[in-house]
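# Structural features, examined
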Amino acid sequence: MSISLSSLIFLTIWINMAQIQQGGSNEKEQTTALKDLLSRIDLDELMKKDEPPFDFPDTLEGFEYAFNEKGQLRHIKTGEPFVFNYREDLHRWNQKRYEALGEIITRYVYELLESDCNLKKISIPVDATESEPKSFIFMSEDALTNPQKLMVLIHGSGVVRAGQWARRLIINEDLDSGTQIPFIKRAMDEGYGVIVLNPNENYIEVEKQKMHKQSSSDGTDEPAGKRERRDKISKETRKRRDFYEKYRNPQKEKEMMQLFIRENGSPEEHAVYVWDHFIAQAAAENVFFVAHSYGGLAFVELMIQREADVKSKVTAVALTDSVHNVWHQEAGKTIREWMRENCCNWVSSSEPLDTSVESMLPDCPRVSAGTDRHELTSWKSFPSIFKFFAEASEAKSSSQKPALTRRSHRIKHEEL
């Protein structure tokens, strides 16, 4: 019968505790001795030694999962939903497995945006060099040329990327509730151009060791023989260190460093960049925003930095459980007044959909999203948001008509 390393160490701890108690020492000495014993053991490192390798598939098929006709993720053989606790008592390993699946889901949604929604993937910064870090957004063919309507979608913070509202919903519920695809398809059916932001794609990660190699200069004046000896010693040292490190901590993850994307290093920066280079250039007379959670904060920051431009182009903004705060973000009075007239925040609440909800902040009206689950607020308020946009567009049109109507009546009266 094999005994794991952690079991042996815990057995050692138990024996030492028994010896301490039998030693006849007082309680204070026992406590001190026990603390000293526990301080020598890194429990986190200990647990890692018993973990299976973090070697996960890189495709849905490899995980033996697929989306069915209802957009639900199901096991190919059993038809069961995704199981998080694939291995009992290995929470960290299960979490890593879940994250690996999440990365596959992200790529899958990207593919759907292009193949199913016919969106184009646009690289940013627009003037990026070949070697610098880059991100991207998605746009419909007519995003910049549609003369009537443009819809801009901004998700919240965390692991979600362009086209997603919540990874948890995609994995545990379905694609409709967890992605922005229903918004995109309906918007395009109703004649909107569409831009999908990617505010969490702020940097790329590279392994520190590789980065160090790349940054090392090859054109030194060092003699070739000496450089070869140094490289050989360095290689042996690294090999020996890696061997002992693997023995000490077999699940140690690679040390990574972040290279931030120019002018897109945060969700707020990203929103301003996409506004300046795309939305502000769009021909649409009416621009509409749907912003979830932290996306609402990014929109308010955009307003603070581009107030006049936003007011001149944006007709209405639908927020879903937005975490913005006009006081903390120091939004001025004119911004707060504009938000009261042109924004609506569908918040998590047990009240029926569209029921008015009291707000402590003097910004936009708050209504119930018809759910008390934060991540579901966008999906549950989906029909109400499109109705809100249609009414805002109609109100804007009608506000321009009275002057024309009065002029028309005056002309008729003069003719008579």
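Values in this document were obtained by computation on a predicted structure and should not be read as measured data.

### Things to note about the overall build of the protein chain
- A count of helices and strands for the protein chain gives 16 helices and 13 strands.
- Relative to its 416 residues, the protein chain shows a buried fraction of 41%.
- For the protein chain, the share of sequence-separated contacts (at least 6 apart) that also reach a separation of at least 24 residues comes to 71%.
- Split by element, the accessible area of the protein chain, about 24,000 Å² in all, is 50% carbon and sulfur.

### Digging into the packing of aromatic side chains
- Under the defined criterion, the tally for this structure stands at 21 aromatic pairs.
- Centroid distance Tyr110 to Phe136: 5.0 Å. Interplanar angle 80°. Geometry classified as edge-to-face. Placement of the pair is Tyr110 in helix α5 (residues 91-115) and Phe136 in strand β4 (residues 135-139), with a sequence separation of 26 residues.
- Overall, the relative accessible area of 13% leaves Phe136 in the buried class.
- Measuring from ring centre to ring centre gives 5.9 Å for Phe388 and Phe389, while their planes differ by 40°; the resulting arrangement is tilted. Here the two residues Phe388 and Phe389 agree in accessibility, since each one is buried.
- By the ring-pair criterion, three or more aromatic residues cluster together here, those being Trp165, Phe183, Tyr192, Phe288, Trp346, Trp379, Phe382, Phe386, Phe388 and Phe389.
- Between Lys121 and the ring centre of Phe136, over which it is positioned, the NZ or CZ distance is 4.2 Å.

### As for the confidence of the model for the protein chain
- Summing up the model confidence of the protein chain, the mean pLDDT is 83 and the portion of residues at 70 or higher is 73%.
- Below pLDDT 50 for its whole length, residues 216-220 participates in 1 contact with residues either more than four positions away or in separate chains.
- The low-confidence segment residues 243-250, where pLDDT is below 50, has 10 contacts with residues more than four positions distant or belonging to other chains.

### Focus on the environment of Lys208
- Mapped onto the secondary structure, Lys208 falls in helix α9 (residues 208-215).
- Relative accessible area serves as the criterion here: at 43%, Lys208 is assigned to the partly exposed category.
- Taking C-alpha positions, Lys208 is 5.2 Å from Met256, a pair spaced 48 residues apart along the chain.
- Apart from residues no more than four positions distant in its own chain, Lys208 is found in contact with Glu255, Met256 and Met257.

### Looking at the side chain of Glu207
- Note on placement: Glu207 falls in strand β7 (residues 203-207).
- The class of Glu207 is buried, set by a relative accessible area of 16%.
- In contact with Glu207, not counting residues within four places along its chain, are Lys254, Glu255 and Met256.

### Quick look at the side chain of Arg74
- Looking at the element boundaries, Arg74 is found in strand β2 (residues 73-75).
- No salt bridge is formed by the buried Arg74, whose closest oppositely charged neighbour, Glu80, lies at an N-O distance of 7.3 Å.
- Not counting the four nearest positions on each side in its chain, Arg74 is found in contact with Glu64, Tyr65, Ala66, Asn68, Gly79, Glu80 and Pro81.

### Some remarks on helix α8 (residues 181-189)
- Taken together, the buried positions of α8 are occupied by Ile181, Pro182, Phe183, Ile184 and Ala187.
- Once α8 ends, the next one or two residues include Gly191, with phi positive near 90°.

### Thoughts on the environment of Met256
- Inspection of the secondary structure assignment puts Met256 in strand β8 (residues 256-260).
- In this structure Met256 comes out as partly exposed when scored by relative accessible area, which is 35%.
- For Met256 and Ile204, which are 52 residues apart along the polypeptide, the C-alpha to C-alpha distance reads 9.7 Å.

### A look at the pairing of strand β6 (residues 192-196)
- In terms of residue burial, β6 counts as a mostly covered element, since 5 of its 5 residues are buried.
- The two faces of β6 match: Tyr192, Val194 and Val196 on one face and Gly193 and Ile195 on the other face are all buried.
- Where β4 meets β6, 2 bridges bridge the pair, whose relative direction is antiparallel. Its bridge partner being in β6, Phe138 is matched across the sheet by Val196.

### A closer look at the packing of helix α12 (residues 294-305) against helix α14 (residues 333-342)
- In the contact formed by α12 and α14, the axes pass within 10 Å of each other and the chain directions differ by 130°. It follows from the interaxial angle that α12 and α14 lie oblique. By crossing handedness, the relation of α12 to α14 is classed as right-handed. Between α12 and α14, the residues in contact are Phe299, Val300, Met303 and Ile304 and Ile335, Trp338 and Met339, respectively.
- Broken down by class, the residue content of the contact of α12 with α14 amounts to 7 nonpolar, no polar and no charged.

### Points about the pairing of strand β10 (residues 314-320)
- The buried count for β10 comes to 7 of 7 residues, which makes it a mostly enclosed element.
- In the sheet, strand β9 (residues 286-292) pairs with β10 via 6 bridges, with the strands oriented parallel. Bridged to His292 within β10 is Thr320.
- As paired strands, β10 and strand β11 (residues 343-347) are joined by 4 bridges and run parallel to one another. When the bridges of β11 are listed, Ala318 appears paired with Cys344.

### With respect to the pattern of salt bridges
- Counted by the stated rule, this structure contains 15 salt bridges.
- One salt bridge in this structure joins Lys96 and Glu99, with 3.9 Å as the shortest N-O distance. Residue Lys96 and its partner Glu99 are both found in helix α5; the two are separated by 3 residues, about one turn of the helix.
- One salt bridge in this structure joins Arg373 and Glu173, with 3.7 Å as the shortest N-O distance. Within this pair, whereas Arg373 is found in the loop between β13 (366-368) and α15 (377-380), its partner Glu173 is found in the loop between α6 (167-172) and α7 (175-178), the two being separated by 200 residues in sequence.
- Looking at Glu173, the relative accessible area reads 34%, which means it is partly exposed.
- One network of salt bridges, with partners in common, ties together Asp127, Glu132, Arg262 and Glu263.

Criteria and cut-off values
Residues numbered from 1 in each chain as written. Predicted model: local features only at pLDDT ≥ 70, side-chain atom pairs only at ≥ 80, totals over all residues. Heavy atoms only, no water. Helix = DSSP H or I, 4+ residues; strand = E, 2+ residues; numbered from the N terminus. Buried < 20%, exposed > 50% of the residue type's maximum accessible area, 1.4 Å probe, protein only. Contact = heavy atoms within 4.5 Å. Areas by Shrake-Rupley, 256 points an atom, 1.4 Å probe, with all protein chains shown as cover. Phe/Tyr/Trp six-rings, centres within 6.5 Å; stacked < 30°, edge-to-face > 60°. Lys NZ or Arg CZ within 6 Å of the ring centre and 35° of its normal. pLDDT = per-residue confidence, 0-100. Lys, Arg positive; Asp, Glu negative; His and termini not counted. Salt bridge = Lys/Arg side-chain N within 4 Å of Asp/Glu carboxyl O. Pairing = 2+ DSSP bridges. Axes fitted to C-alpha atoms, helices over the stretch in contact; angles between N-to-C directions. Parallel < 35°, antiparallel > 145°, perpendicular 65-115°, else oblique. Left-handed = near helix turned anticlockwise from the far one by under 90°. Nonpolar A, V, L, I, M, F, W, Y, C, P; charged D, E, K, R; others polar.

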